[in-house]
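As a plain string of letters, each chain reads:
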Amino acid sequence: MMTGNKRLLVIDDDRDIWKAYQLVLQPGMQAGDSSISQLNALLQEEGGEDHSTVPHENPNFELSFAGQGQEGYEMVKEALHKQEPFSVAFVDIRMPPGWDGMETATRIRALDPHIEIVIVTAYSDRSRDEIAKAVGTLHKLLFFRKPFDPEELMQVAVALSDKWSVTRKEEAQRKELQCILD
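About the cut-offs
Residues numbered from 1 in each chain as written. Predicted model: local features only at pLDDT ≥ 70, side-chain atom pairs only at ≥ 80, totals over all residues. Heavy atoms only, no water. Helix = DSSP H or I, 4+ residues; strand = E, 2+ residues; numbered from the N terminus. Buried < 20%, exposed > 50% of the residue type's maximum accessible area, 1.4 Å probe, protein only. Contact = heavy atoms within 4.5 Å. Areas by Shrake-Rupley, 256 points an atom, 1.4 Å probe, with all protein chains shown as cover. Pairing = 2+ DSSP bridges. Axes fitted to C-alpha atoms, helices over the stretch in contact; angles between N-to-C directions.

Engineer: Looking at this structure, how should I read the overall build of the protein?
Structural biologist: Along the backbone of the protein there are six helices and five strands. When the elements of the protein are put in sequence order from the N terminus, they spell out β-α-α-β-α-β-α-β-α-β-α. Of all 182 residues assigned to the protein, the portion counted as buried reaches 46%. In the protein, of all internal contacts separated by at least 6 residues, the share reaching a separation of at least 24 is 75%. For the protein, the exposed surface amounts to about 9,900 Å²; the carbon and sulfur share of it is 50%.

And the structure:
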């Protein structure tokens, strides 16, 4: 069972990819009787394998979408201002004409050092080392290939959002203990 912050941000210029995220991470919110077959069709178009199952438990993710890096950055900034941060940002590496995913992730990391960032790409024009060096904080950076497997996407979203929540809780307890000891 998931706990904590389930606010996820998807930054991708392809609205069909937005639908794929929604079908996997918000399956209960989809109209129609066959979201699994819709997802399979979307992923098959990308050259993916046959994905016949998606986890049935709805973890109630709250998804937000941005079509460009600058827009995603502003959404992270606003969420922090409202004290409602995102736990995970899925950032596409290619988003012409504005910031690419590497610049977007680097700027988001500078703004929010706690956010878990997943670099999502179908290409290999930027090396993992180059991206990791620019974005930093390797224990909060993951790479994910398109087309993605629905079960793997769900697992990554659950694990990273739970990791974010547990880490924030540990930090609060550490501060509380430090206050008691001082």
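Engineer: It is not clear to me how the sheet that holds strand S1 (residues 7-11) should be interpreted in this structure. Could you clarify?
Structural biologist: In a beta sheet, neighbouring strands are held together by backbone hydrogen bonds and run either parallel or antiparallel to one another. One open sheet holds the five strands; their spatial order is S2-S1-S3-S4-S5, and the pairing between them is parallel. Two strands lie at the open edges of the sheet, namely strand S2 (62-66) and strand S5 (141-145), each paired on one side alone. Neighbouring strand axes in the sheet, compared pairwise and without regard to direction, differ in orientation by 20° on average. Where helix H4 (residues 101-111) meets the sheet, its contacts fall on S1, strand S3 (88-92), strand S4 (116-121) and S5, and the angle it forms with S4 comes to roughly 175°.

By themselves, these observations are geometric and do not establish any function.
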